[in-house]
There are 2 protein chains.
Amino acid sequence: MKDFLKVVTLEDAQTKLADHWHPKRQTTIISLEEASGRILAEDVTSKINLPPFDRAAVDGYALQASDTFGVDETNPAKLSRIGEIHAGKQPEIKVGSGTCVAIATGAVMPEGADAVVMVEDASEVNGTIEIRRAVSPGENVSEKGSEIAEEESIALAGQKISPQVHGALHAAGVQEVKAFEKPKVAVISSGEELVEFGKELQLGQIYDINGPTICDSVRACGGEPTHLGIVSDDALEIKKRVRKALSKHDIIITSGGSSAGSKDILPETINELGEPGVIVHGLAQKPGKPTLIAIIKDKPIFGLPGYPVSALMVFNQLVAPYLRELSGIPEPELGSVQASLTKKIISARGRRELVPVKLIQGEEGTLARPLRRDSGAITSLANASGYIDVPLSQEILEEGEIVTVKLYEGSELA
Amino acid sequence: MKDFLKVVTLEDAQTKLADHWHPKRQTTIISLEEASGRILAEDVTSKINLPPFDRAAVDGYALQASDTFGVDETNPAKLSRIGEIHAGKQPEIKVGSGTCVAIATGAVMPEGADAVVMVEDASEVNGTIEIRRAVSPGENVSEKGSEIAEEESIALAGQKISPQVHGALHAAGVQEVKAFEKPKVAVISSGEELVEFGKELQLGQIYDINGPTICDSVRACGGEPTHLGIVSDDALEIKKRVRKALSKHDIIITSGGSSAGSKDILPETINELGEPGVIVHGLAQKPGKPTLIAIIKDKPIFGLPGYPVSALMVFNQLVAPYLRELSGIPEPELGSVQASLTKKIISARGRRELVPVKLIQGEEGTLARPLRRDSGAITSLANASGYIDVPLSQEILEEGEIVTVKLYEGSELA
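Given the structure is predicted, the values throughout are model-derived calculations rather than measurements.

Further remarks concern the overall build of chain A. Each helix and strand in chain A was counted, giving seven helices and 28 strands. Its C-alpha radius of gyration of 32 Å places chain A more than 25% over the 22 Å reference for a compact globule of 414 residues. Along the first, second and third principal axes, the C-alpha atoms of chain A reach 105 × 55 × 45 Å. Buried residues in chain A amount to 55% of all 414 residues.

For the rest of this paragraph, the subject is the sheet that holds strand β6 (residues 99–103) of chain B. Residue and element names in this part refer to chain B. One open sheet accounts for six strands, arranged β7-β4-β6-β5-β9-β8; its pairing is mixed. The sheet terminates laterally at β7 (115–118) and β8 (122–125), the two strands that pair on one side only. Strand-to-strand twist across the sheet, computed as the mean angle between neighbouring axes with direction ignored, equals 40°.

With 83 residues of chain A at the contact, the number on the chain B side is 84 residues. When chain A packs against chain B, close to 6900 Å² is buried across both sides, 61% of that on carbon and sulfur atoms. It is A:Gln164, A:Phe197 and A:Leu203 that lose the most area in chain A upon contact with chain B, and together they represent 10% of the buried surface on that side. For the interface between chain A and chain B, the tally reads two salt bridges. Note that A:Glu192 and B:Lys89 form a salt bridge whose closest N and O atoms lie 3.5 Å from each other.

You can overlay chain A on chain B at an RMSD of 0.1 Å; the transform is a turn of 180° with a shift of 0.0 Å along its axis. Such a turn and shift between the copies fits a two-fold axis. A symmetric contact is evident, with 100% of the interface residues of chain A recurring at the interface of chain B.

Here we take up the sheet that holds strand β20 (residues 292–296) of chain B. Residues and elements named next belong to chain B. Strands sit in the order β16-β13-β17-β21-β20-β18 across an open sheet of six strands; the sheet is mixed. At either end of the open sheet lies a strand with only one pairing partner, and these are β16 (224–231) and β18 (276–281). Here the average twist between neighbouring strands, direction ignored, is 20°. Two strands pair when backbone bridges link them, and strand β17 (residues 251–255) and strand β21 (residues 299–304) are joined in this way by four bridges, in the parallel orientation. Across the sheet, Thr254 pairs through a bridge with Gly303, a residue of β21.

Residues and elements named next belong to chain B. Where helix α3 (residues 210–220) meets helix α6 (residues 308–327), the axes come as close as 10 Å, and the angle between the chain directions of the two elements is 25°. The pairing of α3 with α6 is recorded here as roughly parallel in orientation. Between α3 and α6 the crossing geometry is right-handed. Contacts between α3 and α6 involve Asn210, Thr213, Ile214, Ser217 and Val218 from the first element and Pro308, Ala311, Leu312, Phe315 and Leu323 from the second.

This part is about the packing of helix α2 (residues 163–171) of chain A against α3(B). Relative to each other, α2(A) and α3(B) sit at 165°, their axes nearing to 8 Å. Classified by the angle between their axes, α2(A) and α3(B) sit roughly antiparallel to one another. Both α2(A) and α3(B) take part in a crossing whose hand is right-handed. Only B:Pro212, B:Thr213, B:Asp216 and B:Ser217 of α3(B) make contact with α2(A), whose side of the interface consists of A:Pro163, A:Gln164, A:His166, A:Gly167 and A:His170. Class assignment of the residues belonging to the contact of α2(A) with α3(B) gives a composition of two nonpolar, six polar and one charged.

Residues and elements named next belong to chain A. Taken domain by domain, chain A holds domain 1 (10–26 + 181–327), domain 2 (28–49 + 150–180), domain 3 (55–142) and domain 4 (336–407). In this structure, domain 1 and domain 4 have C-alpha centres spaced 26 Å apart. In this assembly, 15 residues from domain 1 lie in contact with twelve residues from domain 4. Of the roughly 1300 Å² buried where domain 1 meets domain 4, counting both sides, 65% is carbon and sulfur surface.

We now examine the pairing of strand β28 (residues 402–407) of chain A. All names here are of chain A. Residue alternation in β28 divides its side chains into a buried set, Val403, Val405 and Leu407, and an unburied set, Ile402, Thr404 and Lys406. As paired elements, strand β22 (residues 336–341) and β28 share five bridges and run antiparallel to each other. Bridge pairing links Ala339 to Val403 in β28. Two strands pair when backbone bridges link them, and strand β26 (residues 386–390) and β28 are joined in this way by three bridges, in the antiparallel orientation. Pairing of Gly386 across the sheet is with Leu407, part of β28.

Let us now look at α3(B). Counting buried residues in α3(B) gives nine out of eleven residues, a clear majority hidden from the surface. When we look at burial in α3(B), the residues that qualify are B:Asn210, B:Gly211, B:Pro212, B:Thr213, B:Ile214, B:Cys215, B:Asp216, B:Ser217 and B:Val218. Close packing links the buried residues of α3(B) with α2 of chain A together with β13 (184–190), β16, β17, β21 and α6 of chain B. After α3(B) finishes, the residue B:Gly222 shows a positive phi value of roughly 90°.

All names here are of chain B. If you check which residues of helix α1 (residues 10–20) are buried, you get Leu10, Ala13 and Leu17. Viewed end-on, α1 has its buried residues packed into an arc of 60°, placing them on one side of the element. The elements touched by buried residues of α1 are β18, β19 (285–286), β20, β21, α6 and β24 (352–362).

Tallying each qualifying case throughout the model produces 25 salt bridges over all chains. Residue A:Glu139 pairs with A:Arg133 through a salt bridge whose shortest N-O separation is 3.5 Å. Residue A:Arg133 is classed as partly exposed on the basis of its relative accessible area, which comes to 37%. Note that B:Arg81 is salt-bridged to B:Glu84, the shortest N-O span being 3.7 Å. Given a relative accessible area of 30%, B:Arg81 falls into the partly exposed group. Three or more residues joined by partner-sharing salt bridges are found here, namely A:Glu11, A:Arg352, A:Asp389 and A:Lys406.

This brings us to the packing of aromatic side chains. Residue and element names in this part refer to chain A. All chains considered together, the criterion is met by six aromatic pairs over all chains. Measuring from centroid to centroid gives 6.4 Å for Trp21 and Phe302, while their planes differ by 75°, and the two rings are edge-to-face. Placement of the pair is Trp21 in the loop between α1 (10–20) and β1 (27–31) and Phe302 in strand β21 (residues 299–304), with a sequence separation of 281 residues. Residue Trp21 shares its accessibility class with Phe302, and that shared class is buried. Through a chain of ring-to-ring contacts, the aromatic side chains of Trp21, Phe302 and Tyr322 assemble into a single cluster.

Residues and elements named next belong to chain A. Position of Gly211 relative to the elements: it lies in helix α3 (residues 210–220). For the pair Gly211 and His281, spaced 70 residues apart in sequence, the C-alpha separation works out to 21 Å. Sequence-distant contacts of Gly211, defined by excluding residues within four places in its chain, comprise Val187, Ser189 and His227.

We now examine unusual backbone geometry. A cis amide bond links A:Lys286 with the next residue in sequence, A:Pro287, at an omega value of -5°. Its location among the elements puts A:Pro287 in the loop between β19 (285–286) and β20 (292–296). Even without being a glycine, B:Lys297 presents a positive backbone phi close to 50°.

This next bit is on the state of the cysteines. Summed over all chains, the structure comprises zero disulfides over all chains. The structure places no disulfide on A:Cys215, whose sulfur is separated from the nearest cysteine sulfur, that of A:Cys221, by 12 Å.

Okay, the environment of A:Glu11 next. In this structure, A:Glu11 sits in helix α1. Each C-alpha atom of the pair A:Glu11 and A:Leu283 lies 9.6 Å from the other, and the pair is 272 residues apart in sequence.

Procedures and definitions
Residues numbered from 1 in each chain as written. Chains lettered and ligands numbered in written order. Predicted model: local features only at pLDDT ≥ 70, side-chain atom pairs only at ≥ 80, totals over all residues. Heavy atoms only, no water. Helix = DSSP H or I, 4+ residues; strand = E, 2+ residues; numbered from the N terminus. Rg over C-alpha atoms; globule rule 2.2 N^0.38 Å. Buried < 20%, exposed > 50% of the residue type's maximum accessible area, 1.4 Å probe, protein only. Pairing = 2+ DSSP bridges. Axes fitted to C-alpha atoms, helices over the stretch in contact; angles between N-to-C directions. Contact = heavy atoms within 4.5 Å. Buried area = accessible area lost by both parts, 1.4 Å probe. Salt bridge = Lys/Arg side-chain N within 4 Å of Asp/Glu carboxyl O. Least-squares fit on C-alpha atoms with pLDDT ≥ 70 in both. Parallel < 35°, antiparallel > 145°, perpendicular 65-115°, else oblique. Left-handed = near helix turned anticlockwise from the far one by under 90°. Nonpolar A, V, L, I, M, F, W, Y, C, P; charged D, E, K, R; others polar. Domains from an automatic or database assignment. Arc of directions from axis to C-beta. Phe/Tyr/Trp six-rings, centres within 6.5 Å; stacked < 30°, edge-to-face > 60°. Disulfide = S-S within 2.5 Å.

Here you go:
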């Protein structure tokens with residue numbers, strides 16, 4: 001068996017990666033219909049005036065404001081109703097002094113009218129409209145372009161197309177937007193013992209957990225994952241699969257197959273695919289020791305540990321920020337919370353450790369309950385709200401101590 | 001023109017609704033592959049033991065722990081290496097005292113062995129394995145069922161299938177889950193002046209904004225929206241469209257067409273469709289006055305205001321909680337934040353008012369900047385992070401006052 005991997009800190013790994021890989025955001029033009037949730041790659045301005053015409057802001061009577069000056073309940077203006085304007089129609093009527101037109105909210109103001117009296121402030125008496133309240137010019141009228149003017153800014157580059165923004169873009173007559181391209185990510189699970197989900201397990205076999213979990217996580221970071229399935233520890237097969245992945249994807253994520261076992265041929269195999277090959281082999285933290293980073297054809301290959309809890313933690317720490325950077329998704333808003341530790345934690349001195357915890361909303365505030373730390377513990381995977389990052393220098397965290405819990409995306413307080 | 005609608009408070013509207021409508025969650029069995037993001041409708045237990053067999057937790061040598069008792073660097077045990085076990089394979093070898101087997105992480109423990117010595121603590125010298133560190137029985141072995149035992153609980157009813165939970169369910173051999181059904185929601189936009197997105201605008205026309213915005217929002221609350229398009233203010237057409245919606249959907253949402261204009265025929269038309277018909281017509285708040293709630297064939301019809309900002313606010317306040325209840329989605333975690341008001345707000349006394357604000361992360365904390373409150377303001381729609389709920393009794397909020405901002409889903413701090 002060969003020498004074990006040479007570990008580096010996460011920060012050193014990021015620096016090495018930066019020497020070889022310069023992730024660049026790509027953009028794409030998509031129709032607004034398909035743009036929900038995407039991130040804008042450029043500022044968007046309105047194509048139209050909104051409203052595109054002067055329109056009534058209330059139901060009532062369009063008239064000349066000067067006809068109402070000085071009127072009140074006891075001394076109403078009496079105007080002749082010369083027609084009616086519905087929303088969506090072009091008015092063919094002209095309002096002069098002494099006349100008015102019944103108008104619906106949203107309808108185009110008729111020529112000659114400069115204000116609308118609300119329906120509540122008027123009554124029809126024998127075909128004459130009595131106006132009991134004065135209005136000033138422009139009152140109850142939404143002027144052309146008052147909601148958005150043509151060329152006015154609607155949304156900014158980097159903004160997510162939320163339901164609200166989506167609506168505003170629609171309103172502004174925008175039909176296509178330039179958005180950041182979703183990075184294409186190939187996901188490969190490696191290990192002789194892995195079996196595709198749904199098949200019968202033979203002795204010695206377990207289901208592939210990392211494939212679907214990592215695909216979900218890639219999606220949450222704005223990437224477009226393709227699960228290329230399971231490869232056995234066969235150099236030729238691995239080479240074939242990774243080569244295929246490189247041809248069609250921007251980033252390759254493998255899991256398993258990079259610890260120091262006699263069958264761990266992933267690093268050698270990847271090195272045969274091109275320069276510079278493997279640039280990091282081993283992170284100085286727990287979990288994450290058997291992590292590999294390689295660059296082939298200017299594309300990064302992230303080799304995550306095989307244990308699901310470890311794989312997900314290293315994904316969140318190492319890979320997720322690059323995916324979010326590429327897809328334009330901001331770092332999660334609720335990145336971390338303060339919580340009180342329910343149980344003492346003893347960590348290995350001289351090694352950074354990430355301890356999964358479940359957050360509980362107690363009466364005295366938020367509590368962090370440490371979960372099992374053996375790399376395989378699946379219940380930790382399902383129950384963890386996030387993790388505590390215990391630095392190299394720290395060995396003991398006391399019960400009741402206030403700790404910072406970095407949250408998993410989409411995790412909720414119980 | 002007929003009398004204006006009779007307004008009630010939101011709470012009264014909810015009470016009236018509760019008299020006539022008893023929303024019940026439906027469940028559905030879906031394959032785990034399609035279950036990402038869904039909400040579990042029942043507790044899930046493991047179908048298998050994980051690991052399904054005793055397995056090596058590290059790369060090293062499987063042996064009898066008793067053979068290592070008392071050994072150290074200077075006095076190693078010397079064992080005969082009788083074979084090698086790879087992950088995924090059924091071992092056909094038996095370990096007796098004085099022998100050991102090279103074993104990979106994740107591989108099945110051979111018969112007779114009860115511990116694994118890490119590869120770092122052993123060396124091969126002329127075909128003999130020298131063990132330099134003692135192990136106790138069970139050391140570096142993951143026992144069958146130690147990660148999950150058969151029938152052990154994996155995830156609970158109400159839990160969201162996050163990437164982590166998805167992985168754990170895969171690991172546990174779960175192939176299908178019972179999840180809450182997504183409520184089917186028909187979305188109809190009403191108004192003569194509305195034009196489908198993408199078409200050329202004629203004078204008097206504007207694009208339909210509410211259709212896509214409400215569909216997005218329904219999706220965010222776990223519902224499955226279908227946009228049934230735009231209807232004009234024609235009684236027959238409205239009746240046809242709503243009847244169609246009732247036949248295939250659980251909830252109908254319309255927008256526009258329910259204020260007091262001469263052409264607002266929605267309430268009458270809906271009343272002709274069945275009993276009890278319209279149960280609420282008008283909310284005592286701003287925005288939201290022209291809101292309608294009806295029940296036909298035990299299904300609710302929510303008639304939202306036509307103005308996009310108003311429609312979205314009333315949707316979030318009135319409709320969203322029911323959709324989340326039905327789909328099992330918890331209320332958004334980051335429901336509200338405290339922020340300092342950048343500008344005085346004068347609200348109408350005697351009416352509840354929802355004021356849209358943009359949140360800004362300032363140096364002295366989070367600031368809330370009030371946005372334009374005229375119902376049509378589209379830029380408010382795109383920029384609002386959330387809103388302040390100003391109660392009936394309150395008239396003035398001072399600059400610098402700390403207010404509670406209820407957040408829109410997916411909104412971010414700028």
